[in-house]
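Here are the chains, one letter per residue:
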Amino acid sequence: MELSKNHVEIWTDGACKGNPGPGGWGALLRSGHTEKTLHGGELQTTNNRMEMMAVIEALRALKRPCRVDLHVDSQYVMKGINEWIHGWRRRNWRKADGKPVLNSELWVLLDAEVSRHEVQWHWVKGHAGDPGNERADLLANRGVEEVLARARTVV
């Protein structure tokens, strides 16, 4: 009999001050009574890239295959991974119009991380009171603040 996979709930969010501009990503992972938070950022990025990085880093943090309920507020990530990616793969990472897929290197990483787990995707409206999304948003903004603070100390 196969043991059931660990169940993890994840909320992710990305933030960008200017688009492009300094950005951050955040993730809240919860399994039973255990919580883990993650965040990071980049000095020159886009909101979509940060939304993707949040999911990639959250899934990458899982040490073994899990059943994941993944809550995102990004239609770009939701539609990209559930609808558009199949055609992009078939067309060698090109859109229907023949142009290259934006952020293809992140889509490849995201696809690989998703394939390790059993993922249920849930879209949540951002800034609408979902406690997990609100915490992920705070973490993403912390990522922006930290990347800006590092940039100020380098100058």
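Report on the accompanying structure. Think of each chain on its own: its residues are numbered from 1, step by step along the sequence as written. Local features in a predicted model are, by the rule used here, given only for residues with pLDDT of at least 70; side-chain atom pairs are given and counted only at 80 or more, and totals for whole chains, interfaces and linings are based on all residues. For side-chain calculations, the full set of non-hydrogen atoms in the structure is used, while hydrogens and water are omitted.

Here helix 2 (residues 75–90) crosses helix 3 (residues 104–115) at 100°, and the two axes come no closer than 11 Å. One way to sum up the angle between helix 2 and helix 3 is to call them roughly perpendicular. Touching Tyr76, Val77, Gly80, Ile81, Ile85, Trp88 and Arg89 of helix 2 are Trp107, Leu110, Asp111 and Val114, all from helix 3. Only Asp, Glu, Lys and Arg are considered charged, only Ala, Val, Leu, Ile, Met, Phe, Trp, Tyr, Cys and Pro nonpolar, and every remaining residue, Gly among them, polar. Partitioned by chemical class, the residues of the contact of helix 2 with helix 3 number eight nonpolar, one polar and two charged. Angles run from 0 to 180 degrees between N-to-C directions of axes, and those axes are lines fitted to C-alpha atoms, restricted for helices to the stretch in contact. Strands here mean DSSP runs of E at least two residues long; helices mean DSSP runs of H or I at least four residues long; both are numbered from the N terminus. To sort the angles, those under 35 degrees are grouped as roughly parallel, those over 145 as roughly antiparallel, those from 65 to 115 as roughly perpendicular, and the leftovers as oblique. Whether two residues are in contact is decided by their heavy atoms, any of which lying within 4.5 Å being enough.

Counting residues in hydrophobic clusters, the biggest one holds 34 residues, and the most contacted among them are Ile10, Leu29, Trp107 and Trp121. Of all elements in the fold, only strand 1 (6–16), strand 2 (21–31), helix 1 (47–60), strand 4 (66–72), helix 2, helix 3 and strand 5 (118–123) reach the threshold of two or more residues within this core. Ranked by residues supplied to this core, first place goes to helix 1 with eight residues. Excluding residues that lie within four positions of it along the chain, tryptophan 121 makes contacts with Val55, Leu70, Val72, Val77, Met78, Ile81, Asn82 and Val114. Grouping buried Ala, Val, Leu, Ile, Met, Phe, Trp, Tyr and Cys residues that are joined through side-chain atoms within 4.5 Å yields what is termed a nonpolar core. Only protein chains enter the area calculation, which uses a 1.4 Å probe; residues under 20% of their type maximum are buried, those over 50% are exposed, and those in between are partly exposed.

Moving on: the side chain of asparagine 133. Turning to its location among the elements, asparagine 133 is positioned in helix 4 (residues 131–154). When its relative accessible area of 1% is taken as the criterion, asparagine 133 is described as buried. Counted as a polar contact is a pair of N or O atoms within 3.5 Å, where, for protein atoms, one must be capable of donating a hydrogen and the other of accepting one, and residues adjacent in sequence contribute only when both atoms are in side chains. At 3.3 Å, the side chain of asparagine 133 and the side chain of aspartate 73 are in polar contact. Ignoring sequence-local partners within four residues, the contact set of asparagine 133 consists of Trp11, Thr12, Asp13, Asp73, Val124, Lys125, Gly126 and His127.

What follows covers the packing of aromatic side chains. To pair, rings of Phe, Tyr and Trp, with the six-membered ring standing in for Trp, must have centres within 6.5 Å; the planes then decide the type, stacked if under 30 degrees apart, edge-to-face if over 60, and tilted in the middle. For the structure shown, the criterion picks out four aromatic pairs. Ring-pair connections join several aromatic residues into one group, and the members of that group are Tyr76, Trp84, Trp88 and Trp107.

Here we come to unusual backbone geometry. The omega angle of the peptide bond from asparagine 19 to proline 20 is 15°, so this bond is cis rather than trans. By the secondary structure assignment, proline 20 is in the loop between strand 1 and strand 2. Despite not being glycine, tryptophan 93 shows a phi value in the positive range, around 60°. Overall, tryptophan 93 belongs to the buried group, its relative accessible area being 19%.

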